[in-house]
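# Observations on the three-dimensional arrangement
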Amino acid sequence: MASRCAVFMEILLAILLPPLGVFFRNGCCSCEFLICVVLTLLGYVPGILYAVYAIVVRDGSDDDDDYRQHLNP
């Protein structure tokens, strides 16, 4: 889990340049980054909204892995 200062800086970068904040959280070849780039190209505000969502709510963790393990026999 990232520190509060790191999350604050990522959100600040996400407001200035949305894909950059998502890049620092998830990397350049992640689905979140590509979605953020497309949304930013389509409109600046949707890019910001998704970037803040990807940083704060998604938090870069894969919580779904535990769920998937129970589905596989």
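Below is a summary of the structure that appears in this document. Source: prediction; values computed, not measured.

Cut-off values and rules
Residues numbered from 1 in each chain as written. Predicted model: local features only at pLDDT ≥ 70, side-chain atom pairs only at ≥ 80, totals over all residues. Heavy atoms only, no water. Salt bridge = Lys/Arg side-chain N within 4 Å of Asp/Glu carboxyl O. Helix = DSSP H or I, 4+ residues; strand = E, 2+ residues; numbered from the N terminus. Buried < 20%, exposed > 50% of the residue type's maximum accessible area, 1.4 Å probe, protein only. Expected span 1.5 Å × (residues − 1). Contact = heavy atoms within 4.5 Å. Polar contact = N/O pair within 3.5 Å; in protein donor to acceptor, adjacent residues only side chain to side chain.

Enumeration over the complete set of coordinates arrives at one salt bridge. A salt bridge links Glu 10 to Arg 25; its shortest N-O distance comes to 2.5 Å. In this pair, Glu 10 sits in helix 1 (residues 4-16) while Arg 25 sits in helix 2 (residues 18-26), placing the two residues 15 residues apart along the sequence. This pair shows no difference in class: Glu 10 is buried, exactly as Arg 25 is.

This part takes up helix 4 (residues 44-56). With 13 residues, helix 4 should cover 18 Å at 1.5 Å per step; its first-to-last C-alpha distance of 18 Å lies within 8% of that length. Among the residues making up helix 4, those that are buried are Gly 47, Ile 48, Tyr 50, Ala 51, Ala 54 and Ile 55. Considering only its buried residues, helix 4 is in contact with helix 1, helix 2 and helix 3 (31-42).

What follows covers the side chain of Thr 40. Turning to its location among the elements, Thr 40 is positioned in helix 3. Within polar-contact distance, the side chain of Thr 40 engages the backbone oxygen of Cys 36 at 2.7 Å. Dropping the residues within four chain positions of it, Thr 40 is found in contact with Pro 18, Pro 19 and Gly 47.

Just distances and angles here, no functional claims.
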